[in-house]
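What follows is the residue order along each chain.
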Amino acid sequence: GAVVSQHPSRVICKSGTSVKIECRSLDFQATTMFWYRQFPKKSLMLMATSNEGSKATYEQGVEKDKFLINHASLTLSTLTVTSAHPEDSSFYICSARPVAGTASYEQYFGPGTRLTVT
Amino acid sequence: QKEVEQNSGPLSVPEGAIASLNCTYSDRGSQSFFWYRQYSGKSPELIMSIYSNGDKEDGRFTAQLNKASQYVSLLIRDSQPSDSATYLCAVNPGRRALTFGSGTRLQVQP
């Protein structure tokens, strides 16, 4: 149980284009999903908290107009990197938290999406 | 002071030994504590959760929590080369997202 999928796993795009990354909880419902990015040999950096049916909460320094988040259902959140630039190249990882129970504080991670902007 | 602190390592142990990973946290209101394992180039995988003081064992893994000392640890018995990874300590400080430490890199020498 507690499986989270992400799609695509890898994407290469040209500078100035937009990229959409999907995060799905496959066997549980998640009112809250989280988006992280991670640079090589660095720690996870929380970008935003995605809430089903409401606006995402962005961490300080993260541009909400550049990283668009949509949490359309209890099992799907999307991150769109708009007008991507080479400095946006990174490993983007989502995580999801089950709706209820003591496990509601646990977060399960998707496999990640490696974005390369050329 | 960082909210969750871990020694970055690398922590090197021989195969078959016990690996001891430590973590301290600053928010006394924290109620939930987790250990994640992350292999290079992969996403974190939840391996242990602990909510109350004391020890919690799961196979070769034992999590230890001491809320008075604001300290949580992970012991890995009979360490295997496949345990070589970065181990992330995570704490729920009452806000919605977990707070992660920067991780300890473990190397198990065959």
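With respect to the nonpolar core
Thinking step 1. Of all hydrophobic cores here, the largest spans 25 residues; its most connected members are V4, W35, F67, L79, Y92 and L115 of chain A.
Thinking step 2. Ignoring sequence-local partners within four residues, the contact set of F67 of chain A consists of R37, M47, Y58, V62, L79, T80, V81, D88 and Y92 of chain A.

Some thoughts on the packing of aromatic side chains
Thinking step 1. Counted by the stated rule, this structure contains nine aromatic pairs over all chains.
Thinking step 2. Between the aromatic rings of F109 of chain A and Y36 of chain B, the centroid separation amounts to 5.4 Å while the plane-to-plane angle is 90°, which identifies the pairing as edge-to-face. In this pair, F109 of chain A is assigned in strand β10 (residues 108–109) and Y36 of chain B in strand β4 (residues 32–38), connecting two distinct chains. In this structure, F109 of chain A and Y36 of chain B share a single accessibility class: buried.
Thinking step 3. For the pair Y25 of chain B and F33 of chain B, a centre-to-centre distance of 4.8 Å together with 45° between the ring planes defines the contact as tilted. Across this residue pair, the class does not change: Y25 of chain B and F33 of chain B are buried.

What to know about the interface of chain A and chain B
Thinking step 1. Listed per partner, the contact involves 23 residues of chain A and 19 residues of chain B.
Thinking step 2. Taking both partners together, chain A and chain B bury about 1,500 Å²; carbon and sulfur atoms supply 55% of that area.
Thinking step 3. Considering only the surface of chain A that becomes buried against chain B, Y105, E106 and F109 of chain A emerge as the three largest contributors, covering 32% of it.
Thinking step 4. Between the two partners, chain A and chain B, sit six residue pairs in polar contact (both at pLDDT 80 or more).
Thinking step 5. Breaking the side of chain A that touches chain B down by element, the ones donating at least two residues are β4 (32–38), β5 (45–51), β9 (90–97) and β10 of chain A.

Things to note about the sheet that holds strand β7 (residues 67–73) of chain A
Residues and elements named next belong to chain A.
Thinking step 1. In space, the four strands of this open sheet follow the order β1-β3-β8-β7, with antiparallel pairing throughout. In the strand order of this sheet, the two ends are held by β1 (4–7) and β7, each with one partner. Going from strand to strand, the sheet's axes swing by 15° on average, the running direction of each strand aside.
Thinking step 2. As defined by bridge partners, β7 adjoins strand β8 (residues 76–81) across five bridges and the pair is classed as antiparallel. Looking across to β8, one finds that I69 is bridged to L79.

Here we look at the pairing of strand β3 (residues 19–25) of chain A
Residues and elements named next belong to chain A.
Thinking step 1. Taking every second residue as pointing to the same face, the buried face of β3 carries V19, I21, C23 and S25, while none of K20, E22 and R24 on the other face is buried.
Thinking step 2. Here β3 runs beside β8; their pairing, made up of six bridges, is antiparallel. Pairing of R24 across the sheet is with L76, part of β8.

Some remarks on the pattern of salt bridges
Thinking step 1. Summed over all chains, the structure comprises five salt bridges over all chains.
Thinking step 2. We note a salt bridge from D88 of chain A to K66 of chain A, for which the minimum N-O separation is 2.9 Å. Of this pair, D88 of chain A sits in the loop between β8 and β9 while K66 of chain A is found in the loop between β6 (57–58) and β7, placing the two residues 22 residues apart along the sequence.
Thinking step 3. One salt bridge connects R60 of chain B with D83 of chain B, and the closest N-O pair in it is separated by 2.9 Å. Placement of R60 of chain B in the loop between β6 (54–58) and β7 (61–66) and of D83 of chain B in the loop between β8 (71–76) and β9 (85–92) is noted, with a sequence separation of 23 residues between them.

What counts and what doesn't
Residues numbered from 1 in each chain as written. Chains lettered and ligands numbered in written order. Predicted model: local features only at pLDDT ≥ 70, side-chain atom pairs only at ≥ 80, totals over all residues. Heavy atoms only, no water. Core = buried A, V, L, I, M, F, W, Y, C linked by side-chain atoms within 4.5 Å. Buried < 20%, exposed > 50% of the residue type's maximum accessible area, 1.4 Å probe, protein only. Contact = heavy atoms within 4.5 Å. Phe/Tyr/Trp six-rings, centres within 6.5 Å; stacked < 30°, edge-to-face > 60°. Helix = DSSP H or I, 4+ residues; strand = E, 2+ residues; numbered from the N terminus. Buried area = accessible area lost by both parts, 1.4 Å probe. Polar contact = N/O pair within 3.5 Å; in protein donor to acceptor, adjacent residues only side chain to side chain. Pairing = 2+ DSSP bridges. Axes fitted to C-alpha atoms, helices over the stretch in contact; angles between N-to-C directions. Salt bridge = Lys/Arg side-chain N within 4 Å of Asp/Glu carboxyl O.

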